[in-house]
Amino acid sequence: MLSKEKTRKAIEIMGQVFPNARTSLQADTSFHFLLAVILSAQTTDIAVNKLTPAFFARYPTPETLASALPTDVMNLIKTIGLYRNKTKYMITCAQGLVTRFDGVVPHSRSELMTLPGVGRKTADVVLAEWFHIPAFAVDTHVNRIAKRLSIVPQKADVLTVEKVLMAKLPSQLWIAAHQRMIFWGRYQCTARSPKCTTCPLLELCAEGQKRLLQSPES
């Protein structure tokens, strides 16, 4: 298992490789950012960004979406996966914002998670990326990188991964670490073909060293 010191070193190296790592979801308000995060589940940010300009223009506020017809919403987002469920979640989420939060996106995880379609990861992304409140959202990339680098136990569940990362890194680094680990997972340590031969974290990665030893070219 990587120590706190080595975990922080790994995150610093990721930052050197990807100094501009940040969310690629585009939105103009906290409400629209929340919707973009809901839309991004099991879909690429690129696909979400293609449809959101028209979607956001049609529904600029929680009030407008709260009274929307599901068929109208589906027609605007049907190019992405799970669009039927996302339609239901977004409309009921907007209704929850209107009836319980006066149309304002709350600034706490506990309140965000009372909204339909908003789980812990979505809430953490909104807190960190929009409100800049320290949180550590664990998506598939963060989960994979944390385990490949042995920052967390291999069998750790998502909540354990989050807690261990938060314990090993100072809170002021949580948001940047989340962003860097996502970029690392997308472009360096990919799911199927990690670039171990050119990885600047190889000395910290026992799994990468093992992969190279087992490679036919080694």
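Residues numbered from 1 in each chain as written. Predicted model: local features only at pLDDT ≥ 70, side-chain atom pairs only at ≥ 80, totals over all residues. Heavy atoms only, no water.

Engineer: In this structure, what is going on with the overall build of the protein? I would like to understand it.
Structural biologist: Scanning the protein from terminus to terminus reveals twelve helices and zero strands. For the protein, the N- to C-terminal ordering of α and β elements is α-α-α-α-α-α-α-α-α-α-α-α. The C-alpha atoms of the protein give a radius of gyration of 19 Å, which matches the 17 Å a tight globule of 218 residues would have. Each principal axis of the C-alpha distribution contributes one length, and for the protein these read about 60 × 35 × 30 Å. Burial status across the protein gives 49% buried among its 218 residues. (Helix = DSSP H or I, 4+ residues; strand = E, 2+ residues; numbered from the N terminus. Rg over C-alpha atoms; globule rule 2.2 N^0.38 Å. Buried < 20%, exposed > 50% of the residue type's maximum accessible area, 1.4 Å probe, protein only.)

Engineer: Help me understand the environment of His132, please; the structure alone is not making it clear to me.
Structural biologist: By the element assignment, His132 lies in the loop between helix 8 (120-130) and helix 9 (140-148). What makes His132 exposed here is its relative accessible area of 60%. Beyond its immediate chain neighbours, meaning those up to four positions away, His132 contacts Leu127 and Ile175. (Contact = heavy atoms within 4.5 Å.)

Engineer: Explanation requested: the side chain of His141 in the structure shown.
Structural biologist: Its location among the elements puts His141 in helix 9. Separated by 3.1 Å, the side chains of His141 and Arg144 make a polar contact. Excluding its chain neighbours within four sequence positions, the residues that come into contact with His141 are Met181, Ile182, Gly185 and Arg186. (Polar contact = N/O pair within 3.5 Å; in protein donor to acceptor, adjacent residues only side chain to side chain.)

Engineer: Whenever I open this one, the packing of helix 1 (residues 4-17) against helix 11 (residues 174-187) confuses me. Can you help?
Structural biologist: Packed helix pairs are characterised by how far apart their axes lie and by the angle those axes make with each other. At a minimum axis distance of 9 Å, the contact between helix 1 and helix 11 shows a crossing angle of 65°. In terms of orientation, helix 1 and helix 11 fall into the roughly perpendicular class. The two elements helix 1 and helix 11 meet at a crossing, and its hand is left-handed. Seen from helix 1, the contacting residues are Ile11, Glu12, Met14, Gly15 and Val17; seen from helix 11, they are Ala177, Arg180, Met181 and Trp184. (Axes fitted to C-alpha atoms, helices over the stretch in contact; angles between N-to-C directions. Parallel < 35°, antiparallel > 145°, perpendicular 65-115°, else oblique. Left-handed = near helix turned anticlockwise from the far one by under 90°.)

Engineer: Sorry if this is basic, but what is going on with the side chain of Lys147 here?
Structural biologist: Secondary-structure assignment places Lys147 in helix 9. Of the polar contacts made by the side chain of Lys147, one reaches the backbone oxygen of Ala156; its length is 2.8 Å. Residues contacting Lys147, with those up to four places away along its chain left out, are Val152, Pro153, Gln154, Ala156 and Val161.

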